[in-house]
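# Working through the structure, step by step
Chain by chain, the residues:
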Amino acid sequence: MADGTRSLRGGSPASSPVLGGRGRAAVASSPPGHGFRRVTLTKPTFCHYCTDFIWGLAGYQCEVCNFMSHEKCLKNVKIPCSCIAPSLVRVPVAHCFGPPGHYKRKFCTVCRKSLESPAFRCEVCELHVHTDCILFACSDCRQCHQDGHQGHDTYHHHWREGNLSSGARCEVCKKTCGSSEVLSGMRCEWCGILAHAACYIIVTPECTFGRLRNMILPPSCVQLLSRNFSKLHCFRISENLQTEPDEDDDVDGSTQGSAKDVQISTDSSKQTLKIFDGNDAVKRNQFRLISIPRIAKNEEVVEAALRAYYINDDQQEYELQTFTQQALLSDDVINRNDAAEDSNLGSVFRESVPEAWIIRAKPKDEEVIRIYPAWLKVGMAYVSLRVNKDSTTQTVIKEVLPLLGRQMESLQNFKLVEVLMGSKQVQRMVLENQEPILNRLKDIRKTSIRQMNQTRFYIVENSKSIVRVNLFVGGLPPQLSLEEYTNILKDELAIKTNVVSVSHVYQAQGAVVLKISCFSEAERIYMLVKDTTVNDKPLNAVVIPEVMASKIPQNCCPLLVFVNPKSGGLKGRDLLYSFRKLLNPHQVFELTNGGPLPGFHTFSKVPSFRVLVCGGDGTVGWVLGALEEIRHKLVCSEPSVAILPLGTGNDLGRVLRWGAGYSGEDPYSILVSVDEADDVLMDRWTILLDAEEPAEGAENGVAEPEPPKIVQMNNYCGLGIDAELSLDFHHAREEEPGKFNSRFHNKGVYVKVGLQKISHTRNLHRDIKLQVDQHEVELPSIEGLIFINIPSWGSGADLWGSESDNRFEKPRIDDGLLEVVGVTGVVHMGQVQGGFRSGIRIAQGSYFRVTLLKPIPVQVDGEPWIQAPGQIIISAAGPKVHMLKKSKQKQKKTGSLREMRVDSMSVSEGGR
């Protein structure tokens, strides 16, 4: 790579292009895009380049982006100014902003100031931005899938500046590169490599995805055509957590962000002006406030207005117009002390009301534009072309093709596409062949000069694009035929069968996957599903990406992550955010948004993958049950499953060494542990519930008995007092669900309901009969009967006990046997929980028949109910399930784990 290329690449905050053409003349004498001026320091200040304290009373500050620097560091500054950041983006990808929140010790990427007020963060990358800066953030998010516009099989580091921990160390020089005082240091958002701003340019550009490379679903293997869908829809992020306005109602950051400026500029020698940047800002009432001296030259006001909109162009090319009369401001000096001198302007310049102005670009007879060839993956990023009033789209294409070596090809094979790189949406529009280019530029600037700074023109080859959107629709009645599902969709959603077809049917789950060949129809169906119910059950829709299994590297075993955001005191939401950034967001699924089936369908063609379930034992059982039902449709029919315990008991997580519960461990170290985990087998059991009498509450016993029901068991099944306590807890949680958001509170409620039952006596042995492996078993005097599959019960208690017994084999989770244990009451259960006693060993076997003589509480893996009299049959459920058991290998410290994220070889070549 040429030296000139490298220096330009080093100025990009993200994966940058190899820029062609000359740089900006106005920037030639200063670091990339900055306009530094000497300022007097009135409070402790740190340099954004070297992060050291700036001693003395003078420093150098960029007038546009607030970059602070020592005088000695100015010549070394490589980080570009926010005003030119859009021009350095390699592939424009919009951000996915979550709800506004408070983020301590974080800094805005645009203005570089700390986030003291509510701010936005991207759910996919590490971008943080103020509400009033969000419009100026460039579309430089991670490219997580192919969208049919620009594809790349080789991935470069995706650099993001700042917001590193103060202990972060540079991979090149091994010195500290993070800071809690300023926005400094660089991090690759794929592999996690850390480096100084001066060091990262010598790192080899290719990214290998670091330590987690075998777990990450490569973006080149994922395709998602999502023109009409927001980023929230593409990454299946629940909209009920979002509080930000829509794209069409952009945050009025001007008024919010300007309140601070109003307070700052209380100096009587200065005044505050409202500045609009075009007709769009006027329509939305989105303005920026600037503070200027009461006596100021027109050029100074224009320059201040351009800086407010992060534009570093020559101020001679712009002018101010009054907001009301739209008259040109022609006087050289604006005299605000005596505003009444000009009768036309006097009504506007009142002391109590900020004056409103619109900044306009002066008309030009010709100018130079950049044309980006969309098909190039390496090499020149753009060509510069001079256009005049006679230039049209067709003439531009005719002049550009020879510059790109395509002069022999027909003009009809190409089109010119205008791309607006907004922070929340990348919009594309094909220009008509005869459209005058200068008029188009004039219209864009008239709408918004900020948008002009974020607009590019791409020359694109004409190709017949195939529109294919996959939409998962769940909540339909189960066990119907393809024709019946199609008729329901026609009746309820009025689908157009010429562009919509059913590609997959999941009868047992009542779900279908639609293949849609029209963007507008896909969006219409998606929005309509939200308000549609079938048989009083609401439907749900999820946008599904297409995984191209043939492109997955041979040694890659992607991790499919399921997170229950309601588990573990809402810790699941934080884990969702962390895993989306550490992995590809397309491999992270939120279980409250369609359940596990969309995830398994997405990975159905992946030859080898693993699963991580973040939730309680009930969540794990839900996912394992879905896997059992769909495994015959998976290429990898037996994926291994790891657990991140978020529930209250977490017994299965304890047995597999994943711990008693998640308590804020580093999500990266969790992924490393999953990668190093051992594969073990575990039995699963099928429980057939066949009631012989009507359900409790039936009038006069006329109602029919409940139909046989089948449930799956992973951990244990309890009858009697154990299930009764679970049922009381379940009822308490249903009455006040908001209180049950911590393990400590949940266990306190268990203790409370247990104490209420302590004096109750239930002769369970008289109400049930037990048969083990075709043999009748006489029950002792007990109040609870428990079938256990794993050596952990009731939050880690050893119910079976560790004493040797010649009558039974030593229990294992893969021995094909269940252990049957009895408890005599609440006191006995408490003693087992405290480790003072174990349960009463009754039997061990592989086939069980329990006869209920009266209604009895039953619970399976924590889910309780009252079971009517009848038969309960417990037997092995098909093949054993593959689980991941955390390795006994001693984990390294978190700091060392973070360093493991990068291969040492990543800098060995770059340093040569």
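Nothing here was measured: the structure is a model prediction, and the numbers come from that model. Along each chain, the written sequence defines residue order, and numbers are assigned to residues from 1. Reporting of local features is limited, given that this is a predicted model, to residues whose pLDDT is at least 70; pairs of side-chain atoms are given and counted only at 80 or more, and all residues count toward the totals for whole chains, interfaces and linings. By convention in this description, side-chain values take in all heavy atoms of the structure and omit both hydrogens and water.

## With respect to the overall build of the protein
For the protein, the helix and strand inventory stands at 21 helices and 45 strands. Per-residue accessibility, obtained with a 1.4 Å probe over protein chains only, is compared with the maximum for each type, and a residue is labelled buried under 20%, exposed over 50%, and partly exposed between these values. By residue count, 55% of the 912 residues in the protein fall in the buried class. A run of H or I in DSSP counts as a helix once it spans at least four residues, and a run of E counts as a strand once it spans at least two, with each numbered from the N terminus.

## Observations concerning the pairing of strand E22 (residues 500-506)
Sheet analysis places E22 next to strand E23 (residues 511-516), joined by six bridges and oriented antiparallel. Counted as the bridge partner of His504 is Val513 from E23. In textbook terms, the turn of a hairpin is the stretch between consecutive antiparallel strands, and for E22 and E23 this stretch comprises four residues, one of which, Gly510, has a positive phi near 65 degrees. Two strands are said to pair when DSSP picks up at least two bridges between them.

## Some remarks on the sheet that holds strand E10 (residues 270-276)
Taken in spatial order, the four strands make up an open sheet running E11-E10-E15-E13, and their pairing is mixed. Taken across any chain shown, the strands that pair with only one partner, and hence form the sheet edges, are strand E11 (288-293) and strand E13 (318-322). Averaged over all pairs of adjacent strands, the angle between their axes in this sheet comes to 40 degrees, without regard to strand direction. As judged from the four bridges shared by E10 and strand E15 (residues 355-361), these two strands associate in the parallel manner. The partner of Lys274 across the bridge, within E15, is Ala356. Contacts from helix H5 (residues 298-308) reach E10, E11, E13 and E15, with the element oriented near 150 degrees to E11. To define axes, lines are fitted to C-alpha atoms, for helices over the stretch in contact only, and angles between the resulting N-to-C directions are given on a 0 to 180 degree scale. Contacts are assigned to residue pairs with any non-hydrogen atoms lying within 4.5 Å of each other.

## Here's the deal with the pattern of salt bridges
For this document, the term salt bridge refers to a Lys or Arg side-chain nitrogen within 4 Å of an Asp or Glu carboxyl oxygen. Tallied over the entire structure, the rule returns 28 salt bridges. For Glu303, the salt bridge is made with Arg307, and the minimal N-O distance between the two is 3.6 Å. In this pair, Glu303 and Arg307 both sit in helix H5, four residues apart, roughly one turn of the helix. Taking the relative accessible area as the measure of exposure, Glu303 reaches 36% and is therefore partly exposed. You can call Arg307 partly exposed: its relative accessible area is 24%. Each of Arg37, Glu63, Glu303 and Arg307 takes part in one network of salt bridges that share partners.

## Re helix H13 (residues 617-630)
By this rule the span expected of a helix is its residue count minus one, scaled by 1.5 Å. In this model H13 runs 20 Å from its N-terminal to its C-terminal C-alpha over 14 residues, within 8% of the 20 Å that 1.5 Å per residue would give. Turning to H13, its buried residues number three or more, namely Asp617, Thr619, Val620, Gly621, Val623, Leu624, Gly625, Ala626, Leu627 and Ile630.

## Topic: the nonpolar core
Nine residue types can take part in a nonpolar core, namely buried Ala, Val, Leu, Ile, Met, Phe, Trp, Tyr and Cys, and a core is a set of them joined through side-chain atoms within 4.5 Å. Core analysis: the largest hydrophobic core is formed by 152 residues, its most contacted members being Phe579, Phe600 and Leu612. Setting aside chain neighbours within four positions, we find Phe579 in contact with Val561, Val563, Val588, Leu612, Cys614, Leu644, Pro667 and Leu671.

## Structural notes on the packing of helix H11 (residues 571-582) against helix H15 (residues 667-676)
Contact geometry for H11 and H15: axes closest at 10 Å, N-to-C directions at 65 degrees. The angle between H11 and H15 places the two elements in the roughly perpendicular class. The two elements H11 and H15 cross, and the hand of that crossing is right-handed. Residue-level inspection shows Leu575, Ser578, Phe579 and Leu582 of H11 in contact with H15, the latter providing Pro667, Tyr668 and Leu671. In this count, Pro and Cys sit with the nonpolar residues alongside Ala, Val, Leu, Ile, Met, Phe, Trp and Tyr, while Asp, Glu, Lys and Arg are called charged and the others, Gly among them, polar. When grouped by side-chain class, the residues that make up the contact of H11 with H15 number six nonpolar, one polar and no charged. Here the angle decides the label: under 35 degrees means roughly parallel, over 145 means roughly antiparallel, 65 to 115 means roughly perpendicular, and every other value means oblique. Two helices cross in a left-handed way if the nearer one is turned anticlockwise from the farther one by less than a right angle. They cross in a right-handed way if the turn is clockwise.

## Re the confidence of the model for the protein
A residue's pLDDT is simply how confident the predictor is in it, with values from 0 to 100. Averaged over all residues, the pLDDT of the protein equals 81, while 80% of them reach at least 70. Below pLDDT 50 for its whole length, residues 325-353 participates in 43 contacts with residues either more than four positions away or in separate chains.

## Focus: the sheet that holds strand E16 (residues 366-373)
Overall, mixed pairing links the five strands, which are arranged E17-E16-E20-E18-E19 in an open sheet. Of all strands in the sheet, those with a lone pairing partner are strand E17 (383-388) and strand E19 (426-430), marking the two edges. Averaged over all pairs of adjacent strands, the angle between their axes in this sheet comes to 35 degrees, without regard to strand direction. Note that strand E18 (residues 414-421) and E19 share five bridges and pair antiparallel. Directly across from Val417, in E19, lies its bridge partner Val430.

## Notes on the environment of Asn763
As for its position among the elements, Asn763 is in the loop between helix H17 (743-756) and helix H18 (764-767). Among the residues examined, Asn763 registers a relative accessible area of 37% and is labelled partly exposed. With 17 residues separating them in the primary sequence, Asn763 and Pro780 have C-alpha atoms 9.8 Å apart.

## So, helix H10 (residues 519-529)
Buried residues of H10: Phe519, Glu521, Ala522, Ile525, Tyr526 and Val529, and no others. Buried residues of H10, viewed axially, fall in a sector of 165 degrees; they line one side. The inward-facing, buried residues of H10 contact helix H2 (231-234), strand E21 (469-474), helix H9 (482-493), E22, E23 and strand E26 (540-544). It is the directions from the helix axis to the C-beta atoms that the arc portrays.

## Regarding the packing of aromatic side chains
Side-chain rings of Phe, Tyr and Trp (the six-membered ring for Trp) are treated as a pair once their centres are within 6.5 Å; stacked means planes under 30 degrees apart, edge-to-face means over 60, and tilted covers the remaining angles. In this structure the tally under the stated criterion is 19 aromatic pairs. Judged by centre distance (5.9 Å) and plane angle (65 degrees), the rings of Phe136 and Tyr309 are edge-to-face. Placement of the pair is Phe136 in the loop between strand E5 (128-130) and strand E6 (159-161) and Tyr309 in the loop between H5 and E13, with a sequence separation of 173 residues. The same class applies to Phe136 as to Tyr309, namely buried. Relative to Tyr458, the ring of Tyr372 has its centre 5.4 Å away and its plane inclined at 40 degrees; by these criteria the two rings are tilted. Taken together, the residues span a long stretch of sequence, with Tyr372 in strand E16 and Tyr458 in strand E20 (residues 455-461) at a distance of 86 residues.

## Side note on unusual backbone geometry
Trans peptide bonds make up the majority, and among non-glycine residues the majority have a negative phi. If you check the backbone angles, Arg105 has positive phi at about 55 degrees while not being a glycine. Its location among the elements puts Arg105 in the loop between strand E3 (68-69) and strand E4 (119-121). For Arg105, a relative accessible area of 59% gives the class exposed. The residue Arg236 is not glycine, and still its phi comes out positive at about 55 degrees. Note that Arg236 resides in the loop between H2 and helix H3 (253-264).

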